[in-house]
Amino acid sequence: MLFTPEKPAIHGETRDSLTARLQAEGHPAFRARQILVWLYKKRVRTWDEMTNLSRPLRAWLAATFELEPTRFVLTRQSEDVTDKLLLELGDRSLIETVIIRAPQLGVGQENSRKTICISTQVGCAMGCKFCASGLEGLKRNLSAGEIVHQLIQVCRQEDSRTLRARAELVSFDNLVVMGMGEPLHNYDAIIRALTILNAGWGLGFGARRITLSTSGLVPKIKQLADEPLGIRLAVSLHGATDEVREQIMPINKKWPLKELLPAVREFSEKHGRMATLEFILISDVNDSLEQAQKLRDIAYDLHAHVNLIPYNTVEGLPWKRPGLTRQKRFARVLFDGGVSVTLRREKGHAIDAACGQLRLKTEKAREGAVG
Ligand code: SAH
Ligand code: SF4
């Protein structure tokens with residue numbers, strides 16, 4: 001399961017760790033700062049573009065680090081709202097990174113709000129019954145550098161889309177850790193990656209605009225609450241009672257609601273910010289009025305925001321989304337109960353935007369091509 005690339009990705013180094021490596025080779029500390037500018041402000045693709053470094057230093061870097069830990073394979077667009085990037089890793093594994101554009105009234109597409117959704121693992125070990133990412137289990141964790149490099153690919157995609165000169169600053173508004181994988185099951189790598197994305201010498205992306213979504217690894221939620229980073233938390237609830245949640249999320253057996261909900265409360269109290277409860281609406285599984293009422297009580301009590309997501313069908317799985325009237329009826333119960341609630345209008349269904357689906361199809365096509 002553990003994949004050890006011959007060379008670690010340089011995007012997984014912090015300023016301190018890179019400085020230490022360079023100093024151990026006899027180079028001054030300012031070289032690290034120069035390299036970080038090439039990586040995060042210029043986003044170069046080759047070591048030779050780092051023209052203010054000596055040839056021997058560039059040769060040492062090339063021998064020591066991977067500069068392109070992900071390779072762009074293809075992009076799929078849906079109604080100009082969602083772009084899905086399929087990326088290949090060093091061991092040929094595939095991951096997905098999604099750009100979701102929310103057009104704003106009166107402004108051009110270029111100025112729409114952009115949310116980036118990143119992956120943290122190849123596959124997922126949590127085995128939620130409705131999810132394409134978990135269908136074939138966990139293949140491996142992503143390294144911090146592979147996680148960070150997804151954002152470099154997004155920036156490049158945006159640079160080419162807008163046909164502008166390469167922007168020094170990243171041009172997206174929100175980052176959600178909601179792609180393939182369970183981020184808290186790859187804890188050290190995701191914390192390191194988010195630290196790099198957040199740092200001024202990295203991508204300089206504000207922690208308040210980062211949301212991490214988890215299926216509910218209680219001890220790790222507690223650990224995350226103590227991190228100085230200050231990111232936002234979303235919890236995939238999908239069931240307002242243990243009975244319903246357990247049917248679709250095996251993790252609920254290990255950490256049932258009586259353990260999960262206090263951990264969410266602890267997190268929001270420490271951070272002074274509302275957590276989000278995500279709730280996929282699946283027809284005849286969790287969309288009853290009774291579930292809506294129970295969810296309303298939980299959210300009210302936790303002072304949490306609820307994000308209702310109509311289920312995105314996955315090929316080969318039996319689950320379906322309820323009709324719009326039923327979705328609205330569910331949302332109404334929460335709204336009338338004084339809970340902050342959004343019913344997500346679906347974006348990107350046409351390009352399989354739910355986590356893991358595009359990757360799964362491409363893997364299957366590959367298998368087909370081979371076999
Ligand atoms: N593993 C983490 C983050 C990745 S999944 C988690 O589970 O929270 C991101 C979100 O997509 C989760 O809320 C997940 O339940 C949801 N999701 C998975 N499959 C989906 C589908 N087919 N339709 C709609 N949402 C889905
Ligand atoms: Fe993993 Fe999240 Fe999918 Fe569950 S919903 S299998 S935790 S990626």
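Keep in mind that this is a model prediction, so the values were computed, not measured.

### Points about the overall build of the chain
Now for step 1: When helices and strands are tallied, the chain shows twelve helices and twelve strands.
Now for step 2: The long-range fraction of contacts in the chain, counting pairs at least 24 apart against all pairs at least 6 apart in sequence, stands at 68%.
Now for step 3: For the chain, the accessible surface area stands at approximately 16600 Å², while carbon and sulfur atoms represent 52% of it.

### Brief notes about the pattern of salt bridges
Now for step 1: Per the stated rule, a full pass over the model turns up 15 salt bridges.
Now for step 2: For the salt bridge of Arg 156 with Glu 68, the shortest nitrogen-to-oxygen distance reads 2.9 Å. Here Arg 156, found in helix 4 (residues 144–162), pairs with Glu 68, found in the loop between helix 3 (55–64) and strand 1 (70–78); they are 88 residues apart in sequence, far enough to count as distant.
Now for step 3: Linking Glu 88 and Arg 71 is a salt bridge whose minimum nitrogen-to-oxygen distance equals 3.0 Å. Here Arg 71 lies in strand 1 and Glu 88 lies in strand 2 (residues 82–89), a separation of 17 residues in the sequence.
Now for step 4: Three or more residues joined by partner-sharing salt bridges are found here, namely Arg 71, Glu 88 and Arg 92.

### Some words on the site of ligand 1
Now for step 1: In the vicinity of ligand 1, 19 residues are found, and the nearest of them are Gly 181, Ser 213, Ser 236, His 238 and Asn 312.
Now for step 2: A distance of 2.6 Å separates an oxygen atom of ligand 1 from a polar side-chain atom of Ser 236.
Now for step 3: Interatomic distance of 2.6 Å between a side-chain N/O atom of His 238 and an oxygen atom of ligand 1.
Now for step 4: Here ligand 1 has 530 Å² of accessible area as a free molecule, and 92% of this is covered by the chains.

### Some details on the packing of helix 6 (residues 218–225) against helix 9 (residues 257–271)
Now for step 1: One can describe the packing of helix 6 onto helix 9 by two numbers: an axis separation of 9 Å at closest approach and a directional angle of 5 degrees. Taken together, the axis directions place helix 6 and helix 9 in an arrangement best described as roughly parallel. Between helix 6 and helix 9, the contacting residues are Val 218, Ile 221, Lys 222, Leu 224 and Ala 225 on the first element and Glu 259, Leu 260, Ala 263, Glu 266, Phe 267, Lys 270 and His 271 on the second.
Now for step 2: Its residues placed into classes, the contact of helix 6 with helix 9 shows seven nonpolar, one polar and four charged.

### Remarks on the packing of aromatic side chains
Now for step 1: Tallied over the entire structure, the rule returns three aromatic pairs.
Now for step 2: In this structure, Arg 209 is placed above the aromatic ring of Phe 205, and the distance from its NZ or CZ to the ring centre is 4.4 Å.
Now for step 3: Over the aromatic face of Tyr 187 sits the side chain of Lys 220, whose NZ or CZ is 5.0 Å from the ring centroid.

### Regarding the sheet that holds strand 4 (residues 113–117)
Now for step 1: Within the open sheet, the ten strands sit side by side as 1-2-3-4-7-8-9-10-11-12. Their pairing is mixed. This sheet does not close on itself; its edge strands, each paired only once, are strand 1 and strand 12 (341–343). Each adjacent strand pair in this sheet contributes to an overall mean axis angle of 20 degrees, direction not counted.
Now for step 2: As judged from the three bridges shared by strand 9 (residues 232–236) and strand 10 (residues 276–281), these two strands associate in the parallel manner. Across the sheet, Val 235 pairs through a bridge with Leu 277, a residue of strand 10.

### Points about the nonpolar core
Now for step 1: With 106 residues, the main nonpolar core has Phe 130, Leu 194, Leu 277, Leu 295 and Leu 308 as its most contacted residues.
Now for step 2: For this core, the domains that each give at least three residues are domain 1 (10–64) and domain 2 (70–370).
Now for step 3: Non-local contacts of Leu 308, meaning those with residues more than four positions away in its chain, are made with Phe 279, Leu 281, Leu 295, Phe 330, Ala 331, Leu 334, Val 341, Thr 342, Leu 343 and Arg 344.

### A look at the side chain of Thr 211
Now for step 1: Residue placement: Thr 211 occurs in strand 8 (residues 210–214).
Now for step 2: On the accessibility criterion, Thr 211 (16% relative accessible area) is buried.
Now for step 3: If we skip the residues at most four places from it in the chain, Thr 211 touches Leu 175, Val 176, Val 177, Met 178, Arg 232, Leu 233 and Ala 234.

### As for the side chain of His 238
Now for step 1: Positionally, His 238 belongs in the loop between strand 9 and helix 7 (242–248).
Now for step 2: Side-chain polar atoms of His 238 contact the backbone oxygen of Glu 278, separated by 3.4 Å.
Now for step 3: Looking at His 238, its side chain comes within polar contact range of the main-chain nitrogen of Ile 280, at 3.0 Å.
Now for step 4: Aside from chain neighbours lying at most four places away, what touches His 238 is Phe 130, Val 244, Ile 248, Met 249, Glu 278, Phe 279, Ile 280 and Asn 286.

### Examining the environment of Ser 78
Now for step 1: Inspection of the secondary structure puts Ser 78 in strand 1.
Now for step 2: Using a relative accessible area of 4% as the deciding quantity, one classes Ser 78 as buried.
Now for step 3: With 22 residues separating them in the primary sequence, Ser 78 and Ile 100 have C-alpha atoms 9.7 Å apart.

### With respect to the environment of Leu 74
Now for step 1: As for its position among the elements, Leu 74 is in strand 1.
Now for step 2: Spatially, the C-alpha atoms of Leu 74 and Glu 88 are 9.6 Å apart, while their sequence positions differ by 14 residues.

### Observations regarding helix 3
Counting along an α-helix, one turn takes 3.6 residues, and residues three or four places apart therefore face a common direction.
Now for step 1: When we look at burial in helix 3, the residues that qualify are Leu 57, Arg 58, Trp 60, Leu 61 and Thr 64. End-on, the buried residues of helix 3 take up no more than an arc of 160 degrees, which puts them together on one face. Turned more than 90 degrees away from the buried face of helix 3, the exposed residues are Arg 55, Pro 56 and Ala 63.
Now for step 2: Where the residues of helix 3 are buried, they touch helix 1 (15–24) and helix 2 (30–42).

Rules used throughout
Residues numbered from 1 in each chain as written. Chains lettered and ligands numbered in written order. Predicted model: local features only at pLDDT ≥ 70, side-chain atom pairs only at ≥ 80, totals over all residues. Heavy atoms only, no water. Helix = DSSP H or I, 4+ residues; strand = E, 2+ residues; numbered from the N terminus. Contact = heavy atoms within 4.5 Å. Areas by Shrake-Rupley, 256 points an atom, 1.4 Å probe, with all protein chains shown as cover. Salt bridge = Lys/Arg side-chain N within 4 Å of Asp/Glu carboxyl O. Near = heavy atom within 4 Å. Polar contact = N/O pair within 3.5 Å; in protein donor to acceptor, adjacent residues only side chain to side chain. Axes fitted to C-alpha atoms, helices over the stretch in contact; angles between N-to-C directions. Parallel < 35°, antiparallel > 145°, perpendicular 65-115°, else oblique. Nonpolar A, V, L, I, M, F, W, Y, C, P; charged D, E, K, R; others polar. Phe/Tyr/Trp six-rings, centres within 6.5 Å; stacked < 30°, edge-to-face > 60°. Lys NZ or Arg CZ within 6 Å of the ring centre and 35° of its normal. Pairing = 2+ DSSP bridges. Core = buried A, V, L, I, M, F, W, Y, C linked by side-chain atoms within 4.5 Å. Buried < 20%, exposed > 50% of the residue type's maximum accessible area, 1.4 Å probe, protein only. Domains from an automatic or database assignment. Arc of directions from axis to C-beta.

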